[in-house]
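# Geometric and topological summary
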Amino acid sequence: MKNRIKILLGAVIGSSLLFSSCNFLDVDSYFQATFKEDSIFHSMKNAEGYLWNTPTRFPDAGAIWGNSWNPGETASDEITVRWQTNEFWGAQFSIGKINSRNLPQDLWYTMYVVVTRCNRMLENVGKVPDMTEADRRRYIGYVHFMRGYAYYHLLMNYGPLLIVGDEVLSTSESAEYYNRERSTYDESVDYICNEFKLATQGIYGPTEQSISYSDRPTKGAALALIARLRLFQASPLFNGGDAARQCFSNWQRKSDGADYVNQTYDPDRWAVAAAAAKQVIDMDYYSLFTVMPDNQHPYPLADNVPTAPFPDGAGGIDPFHSFADMFNGEGIISTNKEFIWAMSSGSVYSYTKHSFPVGFGGWGGMSVPQRVVDCFLMMDGRDIHNASAEYPYVADLNQTIGTNKVLGSYQLRGDVPKMYDNRSARFYASIGFPGRLWTMNSASSDASYINQQFWYSHDDSKAGLAGAGSNVNDYNISGYTPVKYIHPDDSWAGGKGNVKGSFITSPKPFAIIRYAEVLLEYVEALNNVTGTVTVTTPDMTGTDVEVTVSRDVQEMAKYFNMIRYRVGLPGPSLSDMNDASRFEQIIRNERQVELFNEGYRYFDTRRWGTFLTDDANMSNWRGLDVQKDRTDVSGNPGFWNIVTIDQQNIRDRVALPKMVFMPIRHDELLKVPAMDQNPGWDR
């Protein structure tokens, strides 16, 4: 193949930047078997094929547990595991075992391959003879989106970018030509947001997108990514907060002394973030996913929950299924208006197996700390520290509910501790607690594999250490497991007991962006706005518009309460919302429980700066004593005590300023000597 694509940072600088193999051009055989690279832009068919093959370089967005594209869930403070393998390299990252020379993934290199492909398309799209101007405009829009999304991945993982603009780099220049410095974080955010702005000028809106291509990004996705980035840019880590000073105060660009990360607080950034999120809302297309109630078996609501029709209350919906069915495979991905951008994920499908015990075909080790369990509210909206007499929180785990309860279609067994009673629908849809009923309906050909309770205690031969099998790491180490993506029919028994008919509901969706996130971003940004501010942000046509923003309590309540009503909870009190500091904590807790196990938490604790003080705090890493028995049969009782998790992945956990970003790989830094490493990491 001649005229190979040139890629920055993709090969050793000096003799050539040429990639050593043609295989990177396209992973499918169509391009290799049908035409040479210089034929890509000879027809619209070829150019479109090249365009839509480019996203194959992006990682599976749902790969947030093992073999992840970022440190992910096992490096966050909401999921932990006992495993210490490269598959769960996020756990290795959290105990300080990852550095610039052993980083397991090569996202830096791969994303620059995408950037170079995009630059080549922008350079040549004008040459495609059978492409109309409308087709060309749409093509260019998608290219800008892909280029922005590649840089987005780089920014989220590595921080400030090495921006190459529109260049398709020549291989004939001297080495000095390729030796460049990084942009600042703010310059990087501005560049990416402009890419998404340019994308909106060409790509389809959500009402124009064919359902056959529902996994392609729309204008809504572009605007929502702008909103997400502007929220990060306004947050303490990147906006002159204590975390910014602690992590980046001595990190300046050599050529001009510019701070790579802003060290001076700019309150107006919150208004920019709010205005950007409001553009998504004002598209008047997206809505929170809901499911109609079963009138024969309605889900019970607390007396203080408004019953007006949703979204003005929790009336006319099933709170449990409205949340659970969005993730477990019951809902239809392509028609869900909460999904601004989503697609089926093989990683989500396969990693549900890590929540199922070994005795039921799983690997059993995905564990949730008690701190996260405690974040879920009671059914009347109170937290566990302020529970009411009507819906009490009982910390004594030896007290059980006593009688079976039916919450709509969800069943709560009477031998379950009262700690797990009276909780919100979102709790039951998210957390696998001791005694939870696992229906596993698809294994109905074998009654011993359906309607099971797992306890996770040492003596539980199904799910505890006694049932771990040949791999002593395959058990739950906190007493809680995530169940957000697990359908009532799901069963991995076919892999263990060879139960005929057992299956996992598929496809499993992964929401890259969903509307609830945008609403939470809007409310968080509004809550931090000072005074009345007029800012500029792009609308869905890619046109800059002026938006006036202020901290409007009624506006915040309108959108925040939608999220609460959808899961059968009341909104916060007016006094809580009037107090910006108090409401900030409520918003952060809401993000924890609403977005639990979706990949947000790793980034949220960093942008807030709480990672530095809380992530390795042993008081945040507690769970049930899984080394002890649930009963006193063997003389080893004590499971129901809440203790610090005594595992290496917790004992050795560190939270260092350098760990807000991953290191850039050593071999990439060798190619560009002027490029600074992230602070705290060796070159």
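This text gives an overview of the structure that appears in the document. It should be emphasised that the depicted structure is a prediction, and the values quoted were computed from it without experimental measurement.

Cut-offs used in this document
- All residue numbers refer to position in the chain's written sequence, counted from 1.
- Selection of residues for local features in this predicted model requires a pLDDT of at least 70, selection of side-chain atom pairs for listing and counting requires 80 or more, and totals for whole chains, interfaces and linings are taken over all residues.
- No hydrogens and no water enter the side-chain calculation; it runs on all heavy atoms of the structure.
- Only DSSP runs of H or I with at least four residues qualify as helices, and only runs of E with at least two residues qualify as strands; both kinds are numbered from the N terminus onward.
- In this treatment the radius of gyration is a C-alpha quantity, and the globule benchmark scales as 2.2 Å times the residue count to the 0.38 power.
- With a 1.4 Å probe rolled over the protein chains alone, any residue whose accessible area is under 20% of its type maximum counts as buried; one over 50% counts as exposed, and the rest are partly exposed.
- Contact between two residues is taken to exist if any of their heavy atoms lie within 4.5 Å; hydrogens are not considered.
- Think of a polar contact as two N or O atoms within 3.5 Å of one another; within protein, one of them needs to be a possible hydrogen donor and the other a possible acceptor, and neighboring residues in sequence only count if both atoms come from side chains.
- None of His or the chain ends enter the tally, which takes Lys and Arg as positive and Asp and Glu as negative.
- Criterion for a salt bridge: a side-chain nitrogen of Lys or Arg within 4 Å of a carboxyl oxygen of Asp or Glu.
- A helix is expected to span 1.5 Å multiplied by its residue count minus one.
- Under the pairing criterion, centres of Phe, Tyr and Trp rings, with the six-membered ring standing for Trp, must be within 6.5 Å; the plane angle then separates stacked pairs below 30 degrees from edge-to-face pairs above 60, leaving the rest tilted.
- Here, a charge over a ring is recorded when the distance from Lys NZ or Arg CZ to the ring centre is within 6 Å and its angle to the ring normal is within 35 degrees.
- We call two strands paired when DSSP finds no fewer than two bridges between them.
- The term nonpolar core refers to a set of buried residues drawn from Ala, Val, Leu, Ile, Met, Phe, Trp, Tyr and Cys, joined through side-chain atoms within 4.5 Å.
- Fitting a line to C-alpha atoms yields each axis, with helices limited to the stretch in contact; the angle taken between N-to-C directions then spans 0 to 180 degrees.
- Angles are sorted into four bins: roughly parallel if under 35 degrees, roughly antiparallel if over 145, roughly perpendicular if 65 to 115, and oblique for all others.
- In this scheme the crossing of two helices becomes right-handed for a clockwise turn of the near helix relative to the far one and left-handed for an anticlockwise turn of less than a right angle.
- When residues are grouped by polarity, Ala, Val, Leu, Ile, Met, Phe, Trp, Tyr, Cys and Pro land in nonpolar, Asp, Glu, Lys and Arg in charged, and all others, Gly among them, in polar.

In terms of helices and strands, the chain carries 21 helices and 12 strands. Rg of the C-alpha trace for the chain: 26 Å, near the compact-globule value of 26 Å for 683 residues, within the 12% margin. On the principal axes, the C-alpha backbone points of the chain span a range of 75 × 60 × 50 Å. Split into buried and exposed, the 683 residues of the chain put 61% on the buried side. Nonlocal contacts in the chain, meaning residues at least 24 apart in sequence, comprise 70% of its contacts between residues at least 6 apart.

A few words now on the environment of Arg147. Along the chain, Arg147 falls in helix 5 (residues 133-158). According to the relative accessible area criterion, Arg147 is buried, its value standing at 2%. Here the alpha-carbon distance between Arg147 and Leu237, two residues 90 residues apart in the chain, equals 25 Å. Excluding its chain neighbours within four sequence positions, the residues that come into contact with Arg147 are Val115, Cys118, Asn119, Leu122, Gly165, Asp166, Tyr191 and Glu195. Looking at Arg147, its side chain comes within polar contact range of the side chain of Asp166, at 2.7 Å.

The next thing to look at is the side chain of Asp474. Tracing the chain through its elements places Asp474 in the loop between strand 6 (452-453) and strand 7 (481-482). Look at Asp474: it is buried, it has no salt bridge, and the nearest opposite charge is Arg82 at 8.1 Å. A polar contact is formed between the side chain of Asp474 and the side chain of Trp83, at a distance of 2.9 Å. Discounting chain neighbours no more than four positions away, the residues touching Asp474 are Trp83, Val358, Trp363, Gly364 and Ala468.

With that settled, consider helix 9 (residues 268-281). Given a rise of 1.5 Å per residue, 14 residues ought to cover 20 Å, and the 20 Å separating the end C-alpha atoms of helix 9 matches this to within 8%. Among the 14 residues of helix 9, 12 are classified as buried, and the element is accordingly described as predominantly covered. Inspection of helix 9 places Arg269, Trp270, Ala271, Ala273, Ala274, Ala275, Ala276, Ala277, Lys278, Gln279, Val280 and Ile281 among the buried residues, and these make up the whole buried set.

All right, on to the side chain of Asp460 then. Among the secondary structure elements, Asp460 is positioned in the loop between strand 6 and strand 7. Salt bridges are absent for the buried Asp460, whose nearest opposite-charge side chain, Lys462, sits at 6.0 Å. Polar contacts involving the side chain of Asp460 include one to the main-chain amide nitrogen of Trp455, which spans 2.8 Å. A polar contact of 3.4 Å, which involves the side chain of Asp460, links it to the backbone nitrogen of Ala463. Not counting the four nearest positions on each side in its chain, Asp460 is found in contact with Phe454, Trp455, Ala466 and Gly467.

Turning next to the packing of aromatic side chains. Enumeration according to the criterion identifies 46 aromatic pairs in this entry. With centroids separated by 6.5 Å and ring planes inclined at 15°, the aromatic side chains of Tyr420 and Phe427 adopt a geometry described as stacked. Aromatic side chains Phe427 and Tyr428 sit 5.3 Å apart centroid to centroid with 75° between the ring planes, which places their arrangement in the edge-to-face category. Residues Phe427 and Tyr428 agree in their burial class; the two are buried. Within the aromatic cluster, the residues linked to one another by ring pairs are Phe320, Phe376, Tyr410, Tyr420, Phe427, Tyr428, Phe433, Tyr480 and Phe596. Here the basic side chain of Arg606 rests over the ring of Phe611, its NZ or CZ set 4.0 Å away from the ring centre.

Our focus in this paragraph is the pairing of strand 9 (residues 532-538). Pairing geometry for strand 9 and strand 10 (residues 544-550), over seven bridges, is antiparallel. Across the sheet, Thr534 pairs through a bridge with Thr548, a residue of strand 10.

Before going further, it helps to examine the pairing of strand 8 (residues 509-514). Counting buried positions along strand 8 yields six of six residues, so the element is predominantly enclosed. Bridge count between strand 1 (residues 339-344) and strand 8: five bridges; the pairing is antiparallel. The residue bridging Met343 from the neighbouring strand is Phe510, located in strand 8.

Moving on to the nonpolar core. One finds Phe145, Tyr420 and Phe433 to be the most contacted residues of the largest nonpolar core, which totals 191 residues. Counting residues per element, this core draws most heavily on helix 5, which supplies 13 residues. Non-local contacts of Phe145, meaning those with residues more than four positions away in its chain, are made with Glu195, Phe196, Ala199, Ile203, Pro217, Ala221, Ala222, Leu225 and Trp341.

A word on helix 4 (residues 107-124). If you check helix 4, its first and last C-alpha atoms are 26 Å apart, about what 18 residues at 1.5 Å a residue would give, namely 26 Å. The buried fraction of helix 4 is high, at 15 of 18 residues.

We now examine the packing of helix 2 (residues 44-53) against helix 4. One can describe the packing of helix 2 onto helix 4 by two numbers: an axis separation of 10 Å at closest approach and a directional angle of 155°. As summarised for this structure, helix 2 and helix 4 are arranged roughly antiparallel, according to the angle between their axes. Our pair here, helix 2 against helix 4, has a crossing hand that is left-handed. Across from Tyr50, Leu51 and Asn53 in helix 2, the residues of helix 4 making contact are Arg117, Arg120 and Met121. Grouping the constituent residues of the contact of helix 2 with helix 4 by class yields three nonpolar, one polar and two charged.

This next bit is on the packing of helix 2 against helix 5. Closest axis-to-axis distance for the helix 2/helix 5 pair is 11 Å, and the angle between their directions is 20°. As far as their axial angle goes, helix 5 and helix 2 are roughly parallel. The interaxial crossing formed by helix 2 with helix 5 has left-handed handedness. Taking contact as the criterion, the partners of Met44, Ala47, Glu48, Leu51 and Trp52 in helix 2 are, on helix 5, Asp135, Tyr139, Tyr142, Val143 and Met146. The residue makeup of the contact of helix 2 with helix 5, split by class, is eight nonpolar, no polar and two charged.

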